[in-house]
Protein chains: 2
Amino acid sequence: MADADAAVPPVVVPSSAPPPAPPGGAPPKVTHHGRVAAPVASSNEDTEELPEFEPFGAPGPRGFPSLAEYLDISKVDMMKNRAEINHQQHHTDRFNTDFLIVRRGQEFQVKITFNRPYDADKDKFAVEFGIGPSPQFSKRTYMPVFPTPERQSPWAGRVVVAAGPEVTMGITPTADAIVGRYRLYVAVVTPYGIRRTCTDVSRDLYILYNPWVKEDVVFLEDEEERDECVLNESGVIYHGTWDDIAERNWNFGQFDFGVLDACLYVMDRAGMPIVNRGDPVKMARIASAMLNSRNDDGVLVGSWSGDYSYGVAPTSWTGSTDILLSYYRTRKPVGYAQCWVYAAVFNSFLRCLGIPARVVTNFYSAHDNDGNLKTDIILDENGRIDRKNTRDSIWNYHCWNECFMARADLPTGFGGWQAVDATPQETSDGMFRCGPASVRAIKHGELCFPFDAAFVFAEVNSDVVFHSRKRDGTMEVVKVKKDHVGRLILTKATGSYDSRDITELYKFPEGSVEERTVLEKGEVYGCARDQSTLPEADVELRLPALEVAVGDDFELCLEAVSRSGESRTVDAYITGSVVYYTGVTSADFLFKTPTLELEANQSVKELWQVPARSYMKKLVEQANLHFIATGKVKETGQIITAMKVVALHMPKLSIKVSGLNKVNELMVATVDFTNPFSLVLEHVYVRVEGAGVLSPVFKYYGLIPGGSRMTWTEEFTPRRAGPTRLIATLDCAALRQVSGQLELDVLP
Amino acid sequence: MADADAAVPPVVVPSSAPPPAPPGGAPPKVTHHGRVAAPVASSNEDTEELPEFEPFGAPGPRGFPSLAEYLDISKVDMMKNRAEINHQQHHTDRFNTDFLIVRRGQEFQVKITFNRPYDADKDKFAVEFGIGPSPQFSKRTYMPVFPTPERQSPWAGRVVVAAGPEVTMGITPTADAIVGRYRLYVAVVTPYGIRRTCTDVSRDLYILYNPWVKEDVVFLEDEEERDECVLNESGVIYHGTWDDIAERNWNFGQFDFGVLDACLYVMDRAGMPIVNRGDPVKMARIASAMLNSRNDDGVLVGSWSGDYSYGVAPTSWTGSTDILLSYYRTRKPVGYAQCWVYAAVFNSFLRCLGIPARVVTNFYSAHDNDGNLKTDIILDENGRIDRKNTRDSIWNYHCWNECFMARADLPTGFGGWQAVDATPQETSDGMFRCGPASVRAIKHGELCFPFDAAFVFAEVNSDVVFHSRKRDGTMEVVKVKKDHVGRLILTKATGSYDSRDITELYKFPEGSVEERTVLEKGEVYGCARDQSTLPEADVELRLPALEVAVGDDFELCLEAVSRSGESRTVDAYITGSVVYYTGVTSADFLFKTPTLELEANQSVKELWQVPARSYMKKLVEQANLHFIATGKVKETGQIITAMKVVALHMPKLSIKVSGLNKVNELMVATVDFTNPFSLVLEHVYVRVEGAGVLSPVFKYYGLIPGGSRMTWTEEFTPRRAGPTRLIATLDCAALRQVSGQLELDVLP
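Rules of the game
- Sequence positions are assigned chain by chain, starting from 1 and proceeding in written order.
- The naming scheme follows written order: chains are lettered A onward, ligands numbered 1 onward.
- Reporting of local features is limited, given that this is a predicted model, to residues whose pLDDT is at least 70; pairs of side-chain atoms are given and counted only at 80 or more, and all residues count toward the totals for whole chains, interfaces and linings.
- With hydrogens and water excluded, all non-hydrogen atoms of the structure serve as input to the side-chain values.
- Secondary structure elements are taken from DSSP: a helix is a run of H or I of four residues or more, a strand is a run of E of two residues or more, and numbering for both begins at the N terminus.
- A 1.4 Å probe rolled over the protein chains alone gives each residue an accessible area, and that area as a share of the maximum for its type sets the label: buried under 20%, exposed over 50%, partly exposed in between.
- Two N or O atoms form a polar contact when they lie within 3.5 Å of each other; inside protein one atom must be a possible hydrogen donor and the other a possible acceptor, and for residues adjacent in sequence the pair counts only when both atoms belong to side chains.
- Two residues form a contact once any of their heavy atoms are found within 4.5 Å.
- Two strands pair if DSSP finds at least two bridges between them.
- Fitting a line to C-alpha atoms yields each axis, with helices limited to the stretch in contact; the angle taken between N-to-C directions then spans 0 to 180 degrees.
- Stacked, tilted and edge-to-face are the three classes assigned to paired rings of Phe, Tyr and Trp, where Trp is represented by its six-membered ring and a pair needs centres within 6.5 Å; plane angles under 30 degrees give stacked, over 60 edge-to-face, the rest tilted.
- Expected span, for any helix, means 1.5 Å times one less than how many residues it has.
- For this classification, under 35 degrees means roughly parallel, over 145 means roughly antiparallel, 65 to 115 means roughly perpendicular, and everything else is oblique.
- For this classification, the nonpolar set comprises Ala, Val, Leu, Ile, Met, Phe, Trp, Tyr, Cys and Pro, the charged set comprises Asp, Glu, Lys and Arg, and every other residue, Gly included, is treated as polar.

(A) Highlighting the side chain of Thr503(A). Residues and elements named next belong to chain A. Counting through the fold element by element, Thr 503 comes out in helix 9 (residues 503–506). Judged by its relative accessible area of 14%, Thr 503 is buried. Within the structure, the side chain of Thr 503 is placed 3.0 Å from the backbone nitrogen of Ile 489, a separation counted as a polar contact. In this view, Thr 503 contacts Gly 486, Leu 488 and Ile 489; residues no more than four positions away in its chain are not counted.

(B) Just the sheet that holds strand 8 (residues 166–172) of chain A, in detail. Residues and elements named next belong to chain A. Taken in spatial order, the four strands make up an open sheet running 2-4-8-7, and their pairing is antiparallel. Both outer strands of the open sheet, strand 2 (73–77) and strand 7 (156–163), are each paired with one neighbouring strand and no more. Averaged over all pairs of adjacent strands, the angle between strand axes in this sheet comes to 25°, irrespective of strand direction. Pairing geometry for strand 2 and strand 4 (residues 108–114), over four bridges, is antiparallel. Each residue of the ladder has a partner; that of Val 76, found in strand 4, is Ile 112.

(C) Summary view of the pairing of strand 7 (residues 156–163) of chain B. Residues and elements named next belong to chain B. As judged from the seven bridges shared by strand 7 and strand 8 (residues 166–172), these two strands associate in the antiparallel manner. Bridging from a neighbouring strand, Val 159 pairs with Met 169 of strand 8. Between strand 7 and strand 8, which pair antiparallel one after the other, the connecting turn spans two residues, and Gly 164 there sits at a positive phi close to 60°.

(D) Seen up close, the packing of aromatic side chains. Residues and elements named next belong to chain A. Tallied over the entire structure, the rule returns 57 aromatic pairs over all chains. Look at Phe 95 and Phe 255: their rings are 4.7 Å apart centre to centre, the planes differ by 80°, and that puts the pair in the edge-to-face class. Here Phe 255 lies in the loop between strand 13 (244–251) and helix 3 (259–269) and Phe 95 lies in the loop between helix 1 (85–89) and strand 3 (100–103), a separation of 160 residues in the sequence. Residue class for Phe 95 comes out buried when judged on its relative accessible area of 2%.

(E) Representation of the side chain of Arg720(A) within the structure. All names here are of chain A. Inspection of the secondary structure assignment puts Arg 720 in the loop between strand 37 (709–716) and strand 38 (722–732). Judged by relative accessible area, which is 12%, Arg 720 ranks as buried. The residues touching Arg 720, leaving out its near neighbours within four places in the chain, are Arg 82, Arg 94, Glu 233, Val 663, Ala 691, Gly 692 and Val 746.

(F) Representation of helix 6 (residues 339–353) of chain A in the model. All names here are of chain A. Between its terminal C-alpha atoms helix 6 stretches 22 Å, which fits the 21 Å expected from 15 residues at 1.5 Å a residue. Buried residues dominate helix 6, accounting for 15 of its 15 residues. Positioned one or two residues after helix 6, Gly 354 has a phi angle of 100°, which is positive.

(G) Region of interest: the sheet that holds strand 39 (residues 735–746) of chain A. Residues and elements named next belong to chain A. Taken in spatial order, the four strands make up an open sheet running 36-35-38-39, and their pairing is antiparallel. Edge positions in the open sheet fall to strand 36 (694–704) and strand 39, since each of these has one partner strand only. Averaged over all neighbouring strand pairs, the angle between strand axes comes to 15°, with direction disregarded.

(H) Main features of unusual backbone geometry. Put simply, Gly335(B) and Tyr336(B) share a cis peptide bond, and its omega is 5°. By the element assignment, Tyr336(B) lies in strand 15 (residues 334–337). Look at the link from Pro450(B) to Phe451(B): it is a cis peptide, with omega at 0°. Mapping Phe451(B) onto the fold places it in the loop between helix 7 (439–443) and helix 8 (453–461). In the Ramachandran plot, His91(A) falls in the positive-phi region, its phi being about 55° despite a non-glycine side chain. As for its placement among the helices and strands, His91(A) is situated in the loop between helix 1 and strand 3. With a phi angle near 50°, Met79(B) is a residue other than glycine that sits in the positive phi range. Structurally, the position occupied by Met79(B) is in the loop between strand 2 (73–77) and helix 1 (85–89).

(I) Here's a closer look at the environment of Ser438(B). All names here are of chain B. Note that Ser 438 resides in strand 20 (residues 434–438). For Ser 438, a relative accessible area of 2% corresponds to the buried category. Once the C-alpha coordinates of Ser 438 and Ile 237 are considered, the two residues, 201 residues apart in sequence, prove to be 21 Å apart. Discounting residues that sit within four places of it in the chain, Ser 438 has contacts with Arg 407, Leu 410, Phe 414, Trp 417 and Gln 418. Separated by 3.1 Å, the side chain of Ser 438 and the backbone oxygen of Phe 414 make a polar contact.

(J) Broad picture of the packing of helix 3 (residues 259–269) of chain B against helix 6 (residues 339–353) of chain B. Residues and elements named next belong to chain B. Axis separation between helix 3 and helix 6 bottoms out at 10 Å; the angle between their running directions is 105°. By the angle between their directions, the pair helix 3 and helix 6 is classed as roughly perpendicular. Note on element contacts: helix 6 touches helix 3 through Phe 349, Cys 352 and Leu 353, opposite Val 259, Leu 260, Cys 263, Leu 264, Val 266 and Met 267. Tallied by class, residues from the contact of helix 3 with helix 6 come to nine nonpolar, no polar and no charged.

What follows is the structure in structure tokens.
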């Protein structure tokens, strides 16, 4: 040892100076080194190959002996023809694929041909399945299946038929097996080691969720609902307003070529561990984050800005296929989405993997409010809207998804439909995922369970609170509208193209005892409401429903109804503005200040002619007009209000087809549109597609002059029989969400 | 209208070609345009200024009349001197700050001087508070406080003393007020408008959580616990092994200059809406995500790689101040952290804002396993560890935090201590946040409540499952160790530097009826365990505890104890390896295959001398040695196992001080270290700091030759009285976590 007192001359560095950095280059990438023994298996694309021979010991002095005398595998038939038993029985025959696709918890068959007749007493073999980069039996990512009843692994195996060298094996994966793409091997045990088929990608197979078997957590008993929510590729998504509903057709395309691979890639991109991929709760939650590009470079870029020049306008899409395949091919987020695009692509994802799913639309949705139960509208002292201070908005409608599954992670009673939402929440704490939240829990106000039930609860149950802002900046609540938000919740009916009102799945009837109890329970869990108790006004303002086509003049009506025994005078303000579907105001185009004089119990109407030119130049996006009427009753000082959104009707595209309506026969679709306006439409995109018959295709028109007509004919060849829909859209900055559709029943 | 049949010549673009992109440049930034009416207020740094005059109407033809005759404000005294009533009564006198810092739900005072005597009957004024970019009364981000009992806003106001022109106002923010930095104004109402003090940053004040008042959700009744978990700046974090515990001293520095601003900036950086900043559940959840840099450019970059050349080694830090201030100053993540650094900085954050918090250490923590309840160890057919197939690891210890709060979002009974964890989970589904999870819910197996209770449950309750891997790749469970994981959970005791065993807060006693019930309940919520029922072996392997200083030779002992009435033979394997504290193996250094012969009910020991040279060159990081012994009992075929981690003891730094032990008197600290090895230590960093007395400072030594001594003297001047600790570390690649500390009680 050196002399302990020989002090080392210290190199003094003052505290504020950075430590001496090593020369050049960026900081080292974070590795798993020292942290985990091996990187976690989270990619279904990287499947490890198993060796063709695995010796039981070290080779002898002359190497391994010849295996010629032992059983060998000549051929493996995956029985993946669409018409064969596997795809038929597993409800996977609609997939456009070169591979076997089956569902878990249900037997499928593969046919193995050996080099000599199979002898059950002597020959030992196993069918082996591996998934991901490091298949392991203890993680259920490697699974051998044995033909003999004496020896069974968790996946059941049996010999269905053995005839000479040909053995048909029946294989039943567990009902909680990992969902994804597996590699298949056949292994034969020899005294010297395991002899195995070489890796052959054509023997890969996909195992999906199985709503048809009771043991699977996604089991859905209702057959019609199951067919709709797993197998139907054509959807209808509702928009417009609750009293003037509009429809958007959508091709989910979950069985299109490449879509299943794209969906698995979404999970790979999220870095989801392979071992978790049998759990639909975890998968739905991760997908709700990955379907939007916020935080994680997910599938869809949201934009509400009106400038979609670097991508496709949200209103222009006709289906999910293009979006998912583009993400899979380019590995880059796809632009652009608004709520229904997120919901539609999420729906494709869920149905593709076998999780029953549907798109729902909530009319008047309290969005972007971080789960508060109130939306504030600020009035000035006279009752007129104070735009500067009103910052909340209510979406005219909002779309999300429901998926069907048991919830083992929750107490019993909360399985069934689960709300999930992939639209990122702008104002929320980095919450770019939402759900799965039990719809039953939302209805019953049980908001303490994961995930995000309180958030969805607020979307359907918020109050609209009108505040009067005083001179000193304080405010007084003058009106609480409790029945505005969550006015109607719709989804497509099963087995038809009608809508189905599912409001009662989310809420007890307005004004019922149960409803009050639920709202009180919600408050216990922190969903506080405004507690003002305001005497009910004896005069009511009404804005009757309006159906207006874009470009038309129309008549606006404000009605005041008095239930008072005395006469009443109402000083009213009515503001008409063009709004985004998010409720955000773009521009005002109408302002009136009528004074309405009412006798006892009288009703009075005031009418205004609204010319098209007053609103046409100001229109944005989905062409919504928003009217807010507020009034002050002179005699009582009470504030009364009415609100109405008018979604202008768009001109239609027409689609016709000609030709033999049969599989593999050439047909022609004709898309037809006449510009009904005097203005020129510029930079117009027309899109058309049809599930199973016509892949997405589009055309670009530099301009369509006012009054002129465009006709586009496109040849196509149906790939499969059965009912389907052709869906077309026309989209340009001046005119959005013009669409048309045509039902088609292709003969075999 | 033009002729409808005049077809427009379409510009045909094939489907595969991209749509014509506009020229040049990157895609437009996503804006809030069309989506929300105004960007959400989520920055406490951007506080909007209120106008000095707000007229009630339009100015007259000659402008506004003179306000000279009305009340005006001459001076506002924030009473922010440390010795004054506000900081004393609000337990904020330790903050090193130029501003007033108070706690919500409790009265504080400001003194206003008017230009003439105040007349309560005639003069109308209000003290106004604003926070964030768009203060609004309806969002509680703007709050006026009135002096008269007749008119009160949610924040109570009263005149404490009025003497001539001087008025002392008492102000009580609600106990759920937003936490952050507010701007203060005094406003006087004149007939023409509101006259207001000009914006003066020196009148800004901070409102914090208040564990001292019952109405605050962070109320903590136990006074000693409250003092420890909010006010104590010195902490002890436990590491080592459960039977040979080591301590790490830490300066949380929550009252240091700038730290409070840094903590608020963390919330700004997360984009947390101002309106949510009164909710400690949401704040703790967001902080658990923001304290690590994964996903969101948060505070700390994790690294377990051993290469810390671009930052500071995790073992080198002495406190949180440097880290938080560096993040605040550079706005870039700070390198590097491992679990205790995340936990320590999170603790500073929580204590700084007034949420009671402590750091806990769990010995043998099942980390990185995505909430599964088993850790798999794979043995070959002979009982020897199969390193290639063993991919799970158990952390020797893991640190997280507990914070104390009511949980309004959960059913009653789950308030109190909540587990939160900022260490990112490598193998989890993008889960770079964890908690708050009710510790009571974890103990009782109520895993269905947010957030992440099942994950923490697994960290303390997992089983270690030994599998025997057969020739054909299948595995058989041969041993389940149920008492290994979650062996001991420690935190610092309140009011002393002792440790406190809090295992019973997380778990019922091993083997109790309650424990079994809880584990069964955990399974109901999806935390499945291995169900193998293996007969208990009648021979047991033991590895007795070892205390070894780094660089020493030592004796390893393997003991076999037989409870059988017959004789037994055990073929044993014992592997010694150097491991990271994460349980990941770096290199093996010992391998023995003893055969132990036991008579009936006999116990046999086998001893080996382990020379220092066998492990010294292979040491990594925290110098942990891991021994796994497995054996096969010949007579019964049973597999028996034993595991032991030995954390080598490090040499110590010595700290001494000289000088008058008084506030504002110069003192000298001497840090002393002798290199006990023959090897040269290179690139050595020595750090020292002390809460309230010495800001973090470090020195760099290019090399310290073997056997030589380094002595560093540093002058310092205590800023405040009371007990504190000086903490020093010495760190270099070859020798980590050398530390020393000295207690100091500074006289006033």
